[in-house]
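The residues making up each chain are set out below.
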Amino acid sequence: MAEMRLQKFLARAGVASRRHAEELIAEGRVAVNGVVVTEMGTKVDPAADMVAVDGTVVTLPEETVTFMLHKPAGFVTTMSDPAGRPTAAALMAEEIAVHPSLFPVGRLDTDTTGLLLFTTDGELGHGLLHPRRHVEKTYLALVEGRPDGRDLARLREGVALDDGMTLPAGARLLEGADGERAARLIGTGAGASGRGARHGGKRGRRALEGAGSYVEVRLREGRNRQVRRMLDAVGHPVIALHRQAFGPLDLGDLARGDARPLSDGEMAVLKELAS
Ligand code: URA
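Please read these numbers as outputs of a predicted model, since none were measured by experiment.

1. With respect to helix 7 (residues 176–186)
Next up, step 1: Where helix 7 is concerned, the buried positions are Gly-179, Ala-182, Ala-183, Leu-185 and Ile-186. End-on, the buried residues of helix 7 take up no more than an arc of 165°, which puts them together on one face. Opposite the buried face of helix 7, by more than 90 degrees, sit the exposed residues Ala-177, Glu-180 and Arg-184.
Next up, step 2: Note on helix 7: the residue one or two positions beyond its end, Gly-187, has a positive phi of about 95°.

Okay, structure coming up:
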């Protein structure tokens, strides 16, 4: 965090208004690193300096931050992996160095690509995952075969899995331009490059030769491997799976392996969803 004027620091810390903070400084009640400061322009580094008022240390409230990561295939959704596999947290190393309390909001399977949120805001993270909130997630799947109307209707109405019926979901076959877009986003399209494309590998290419098709599935719950199990149950096993959207947040053209902070507008919408 950048240096700031002492009176601004005190105001941000909630000790006093800026005007009152100036009075506290003038009265010799404020110390920086143990030395009383009465000079108004004094700057402090909130990360390094210790500020005290009347002998009590004051700190800035921790600002919460939330990032969206485009998780590539092959990365485990965890902060560390005893087996030494590549982790999503390793992709966030720079952000975690600045904000050590970042954690992933839910999880994507190791082989699933796409949108994974990391936040320092525990309330937001848990709120977004709470089953009662029913935040919709949009998945694009490359599947074996071609689901027909009956298969799609079963996905929409609910599929019997070993842990119970699924809630009604969105499901549609992606053909023509929609199919091409899905192929590009999943990374299995003809011109695809990068880690995800390699992940699509031979099976992805086989699908493009006519053995498979693209499906969009929108879920309001988040059971373990749910999309894969639902598509298995209707006879169309998943070849590649990608999460394109989480609620109103879309991955857009964020490159595989990259992360970006959410905008204030995106944060406001997420907080509303989580509350
Ligand atoms: N459903 C799955 O099957 N896998 C994921 O990673 C996410 C949803």
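2. Regarding the confidence of the model for the chain
Next up, step 1: Averaged over the chain, the pLDDT score is 90; the fraction of residues at 70 or greater is 92%.
Next up, step 2: The low-confidence segment residues 190–201, where pLDDT is below 50, has 17 contacts with residues more than four positions distant or belonging to other chains.

3. Brief notes about the packing of helix 5 (residues 122–129) against helix 10 (residues 264–274)
Two quantities define a packed helix pair, namely the angle between the helix axes and the distance between the axes.
Next up, step 1: Following both chains from N to C, one finds helix 5 and helix 10 inclined at 60°, their axes separated by 8 Å at the closest point. Taken as axis vectors, helix 5 and helix 10 run oblique relative to one another. When the axes of helix 5 and helix 10 are compared, the crossing they make is left-handed. Contact with helix 5, carried on its side by Leu-124, Gly-127 and Leu-128, involves Met-267, Leu-270, Lys-271, Leu-273 and Ala-274 of helix 10 and no other residues of that element.
Next up, step 2: Looking at the contact of helix 5 with helix 10 residue by residue, the class counts come to six nonpolar, one polar and one charged.

4. Remarks on the pairing of strand 7 (residues 66–71)
Next up, step 1: Within strand 7, six of the six residues are buried, which leaves it mostly tucked inside the rest of the structure.
Next up, step 2: Side chains Thr-66, Met-68 and His-70 of strand 7 all project onto a buried face; the interleaved residues Phe-67, Leu-69 and Lys-71 project onto the opposite face, where all are buried too.
Next up, step 3: Here strand 7 runs beside strand 9 (residues 113–119); their pairing, made up of six bridges, is antiparallel. Bridging across to strand 9, Met-68 finds its partner in Leu-117.

5. Some details on the domain arrangement of the chain
Next up, step 1: When cut into domains, the chain gives domain 1 (4–58), domain 2 (66–131 + 251–274) and domain 3 (137–246).
Next up, step 2: Carbon and sulfur atoms make up 46% of the surface buried where domain 2 meets domain 3, a total of about 1600 Å² over both sides.
Next up, step 3: Taken together, domain 2 and domain 3 are joined by two salt bridges.
Next up, step 4: A salt bridge links Asp-109 to Arg-228; the shortest N-O distance between them is 2.8 Å.
Next up, step 5: Inspection of the domain 2/domain 3 interface yields nine residue pairs in polar contact (both at pLDDT 80 or more).
Next up, step 6: For the side of domain 2 that touches domain 3, the leading source of residues is strand 9, giving five residues.
Next up, step 7: Here the residues of the side of domain 2 that touches domain 3 sort into ten nonpolar, six polar and four charged.

Conventions used here
- Residues numbered from 1 in each chain as written.
- Predicted model: local features only at pLDDT ≥ 70, side-chain atom pairs only at ≥ 80, totals over all residues.
- Heavy atoms only, no water.
- Buried < 20%, exposed > 50% of the residue type's maximum accessible area, 1.4 Å probe, protein only.
- Helix = DSSP H or I, 4+ residues; strand = E, 2+ residues; numbered from the N terminus.
- Arc of directions from axis to C-beta.
- pLDDT = per-residue confidence, 0-100.
- Contact = heavy atoms within 4.5 Å.
- Axes fitted to C-alpha atoms, helices over the stretch in contact; angles between N-to-C directions.
- Parallel < 35°, antiparallel > 145°, perpendicular 65-115°, else oblique.
- Left-handed = near helix turned anticlockwise from the far one by under 90°.
- Nonpolar A, V, L, I, M, F, W, Y, C, P; charged D, E, K, R; others polar.
- Pairing = 2+ DSSP bridges.
- Domains from an automatic or database assignment.
- Buried area = accessible area lost by both parts, 1.4 Å probe.
- Salt bridge = Lys/Arg side-chain N within 4 Å of Asp/Glu carboxyl O.
- Polar contact = N/O pair within 3.5 Å; in protein donor to acceptor, adjacent residues only side chain to side chain.

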